[in-house]
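# Residue-level structural notes
For reference, the chains in residue letters:
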Amino acid sequence: MTGEARTTAREDLAEERTEDAAEGRPGELTEDPAGERLRRWRLVLGGDAADGTGHTLSGRDAAIDDALTALYGKDDTSRTGRERAGGLGASAPSVARWLGDIRTYFPTSVVQVMQRDAIDRLGLGTLLLEPEMLEAVEADVHLVGTLLSLTKAMPETTRETAREVVRKVVADLERRLATRTRATLTGALDRSARVRRPRHHDIDWNRTVAANLRHYLPEHGTVVPERLVGHGRASRSVTKEVVLCVDQSGSMASSVVYASVFGAVLASTRAVATRLVVFDTEVVDLTERLDDPVDVLFATRLGGGTDINRALAYCQSRITRPADTVVVLISDLYEGGIRDEMLKRVAAIKASGAQFVSLLALSDEGAPAYDREHAAALAALGAPAFACTPDHFPEVMAAAIEKRPLPVPDAWAGADSSR
């Protein structure tokens, strides 16, 4: 992954510099096409005699290459077979300067990848405990996950700065996700409340025509609707209950962030009663904090073991209207508790009439690691487990509320014990 990240950053830079030239922005591009190709390959390969370009960088390009080398080192390996490592030193000021450099030279998406690699490769996580460092980084979901894992070691002087960083990311996520989520769920809630004698404005004409096709009068070219199909208007009372049961083990950091945001959005929907439960080997009900997802996040404890059965037992005990309840388990299914009891618990929840959704991850990070045996066992119970992106989550919830088949992404449609 290190080589891929380095190459991605360098390729992105080379493409960006070419676009600079095309749009007339200042740069160091040569008018010689062959020379320009060598320059771009030099930026991608990272230098040393083995890159074969023979091209020397200067000015801005040299500074960019230095920023990449500080993190990733060189592309080749030494004669001892060891990969050359980058280095930013232990000095917070030098790291802060490097963070400023990469924000100058690279787009935000690449900056976030490089920051993540710096935390993983160079052990810079502890430097995030300093307020000055937090103010210098580019905030994203992954950074929030790192901060949450450091909360126990975080000094009081840093805590408020960390909260502001988390609040900024949460606010951005809410702006991106809230409107579509509320609209999708409101439509699902309305459709799930269909009435037999709808008002004119509440008639679902597509369903009405489909239900009355046998009453088609060819001589008049029309359908006589003997039975109207419609949906009631949004209720002012609670019509559905949603229980989010979220694994807070270390590998689920991004899922915890997104689940907290969605929990707050669901809780703000009048017709939905939302409960948020997080767990490792202990179970914590954070429902009372849902009005502020930042409070929810700082109440979590990333890391530790996993007892899914215990968490589901708690959620099951809080279900009062099974036919109107959706339970969403967000976990990689690496169960540290009693496996057979966990499966019996899922079967019992489904048998009660509640809808059960199993998400292996709620994030944009691609296919997660997960327990394939447990995923196959859930699928056999009629509860397919699949990864879900934040953009797809509203559709999944709408289907669960309407008791329709879940819109499982194509990549997971054939998931079984062979996966």
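One can find the structure itself at the top, above this paragraph.
Figured I'd write up the structure that's included with this text. Quick caveat: nothing in here was measured; it's all calculated off a predicted structure.

What the protein chain contains, in helices and strands, is 15 helices and 10 strands. Counting every position in the protein chain, which comprises 419 residues, the buried fraction comes to 47%. For the protein chain, the accessible surface area stands at approximately 20,300 Å², while carbon and sulfur atoms represent 50% of it.

Attention now goes to the environment of Val294. Looking at the secondary structure, you find Val294 in helix α11 (residues 293–299). Contact partners of Val294, with chain neighbours within four places excluded, come to Arg163, Val166, Arg167 and Val170.

Relative to the helices and strands, Arg182 resides in helix α8 (residues 156–191). In this structure the C-alpha to C-alpha distance between Arg182 and Ser268, which are 86 residues apart in sequence, comes to 8.8 Å. Not counting the four nearest positions on each side in its chain, Arg182 is found in contact with Val265, Ser268 and Thr269.

What follows covers the packing of helix α7 (residues 141–149) against helix α10 (residues 253–267). At a minimum axis distance of 8 Å, the contact between α7 and α10 shows a crossing angle of 105°. One finds that α7 runs roughly perpendicular with respect to α10. Between α7 and α10, the residues in contact are Val141, His142, Val144, Gly145 and Leu148 and Ala253, Ser254, Val257 and Tyr258, respectively. Per-class residue counts for the contact of α7 with α10 are six nonpolar, three polar and no charged.

Per the stated rule, a full pass over the model turns up 17 salt bridges. The shortest N-O distance in the salt bridge between Glu156 and Arg159 comes to 3.8 Å. With Glu156 and Arg159 both in helix α8, this residue pair falls three residues apart, about one helical turn. A relative accessible area of 64% means that Glu156 is categorised as exposed.

Further remarks concern the pairing of strand β9 (residues 355–362). The buried fraction of β9 amounts to seven of the eight residues, a majority that puts the element mostly inside the structure. The pairing of strand β8 (residues 325–330) with β9 spans five bridges and is parallel. Within β9, the position partnered with Leu329 by the bridge is Ser358. What joins β8 to β9 is helix α13 (residues 339–351), and the crossover it makes is right-handed. For β9 and strand β10 (residues 385–388), the ladder comprises four bridges, and the chain directions are parallel. From the neighbouring strand, Leu362 faces β10, where its bridge partner is Cys388.

Right, let's talk about unusual backbone geometry for a bit. Positive phi is not limited to glycine here, since Leu333 has a value of about 70°. Residue placement: Leu333 occurs in the loop between β8 and α13. Residue classification places Leu333 among the buried positions, given a relative accessible area of 0%. Residues other than glycine seldom take positive phi values, yet Lys403 does so here, at roughly 60°. Along the chain, Lys403 falls in the segment after α15 (393–402).

Right, let's talk about the packing of helix α12 (residues 308–317) against α13 for a bit. Look at α12 against α13: their axes get within 8 Å of each other, and the N-to-C directions meet at 25°. With respect to each other, α12 and α13 are oriented roughly parallel. In the crossing of α12 with α13, the sense of the turn from one axis to the other is left-handed. On α13, the residues touching Ile308, Asn309, Leu312, Ala313 and Gln316 of α12 are Glu341, Met342, Arg345, Val346, Ala348 and Ile349. When grouped by side-chain class, the residues that make up the contact of α12 with α13 number seven nonpolar, two polar and two charged.

Basis of the calculations
- Once a new chain begins, its residue numbering starts again from 1 and follows that chain's sequence as written.
- Local features are withheld for residues below a pLDDT of 70 in this predicted model, meaning they are given only at 70 or higher, and side-chain atom pairs are given and counted only at 80 or more; totals for whole chains, interfaces and linings count all residues.
- Note: side-chain values were computed over all heavy atoms of the structure, leaving out hydrogens and water.
- In this text, helices come from DSSP runs of H or I with a minimum length of four residues, and strands from runs of E with a minimum of two, each type numbered from the N-terminal end.
- Partly exposed residues are those whose accessible area sits between 20% and 50% of the maximum for their type, while under 20% is buried and over 50% is exposed, using a 1.4 Å probe and protein chains only.
- With residues, only the protein chains shown are counted as cover, and all accessible areas are computed by Shrake-Rupley using a 1.4 Å probe.
- Any pair of residues with heavy atoms lying within 4.5 Å of one another is described as a contacting pair.
- Lines fitted to C-alpha atoms define the axes, with helix axes restricted to the stretch in contact, and inter-axis angles between N-to-C directions lie between 0 and 180 degrees.
- The labels follow the angle: roughly parallel below 35 degrees, roughly antiparallel above 145, roughly perpendicular from 65 to 115, and oblique for the rest.
- Polarity classes work like this: nonpolar for Ala, Val, Leu, Ile, Met, Phe, Trp, Tyr, Cys and Pro, charged for Asp, Glu, Lys and Arg, and polar for all others, with Gly in that last group.
- Any Lys or Arg side-chain nitrogen located within 4 Å of an Asp or Glu carboxyl oxygen qualifies as a salt bridge.
- Paired strands, in this sense, are two strands between which DSSP finds at least two bridges.
- Note on handedness: a clockwise path from strand one over the helix to strand two, with the strands aimed away from the viewer, defines a right-handed crossover.
- In this scheme, a crossing is called left-handed if the near helix is turned counterclockwise away from the far one by less than a right angle; it is called right-handed if the turn is clockwise.

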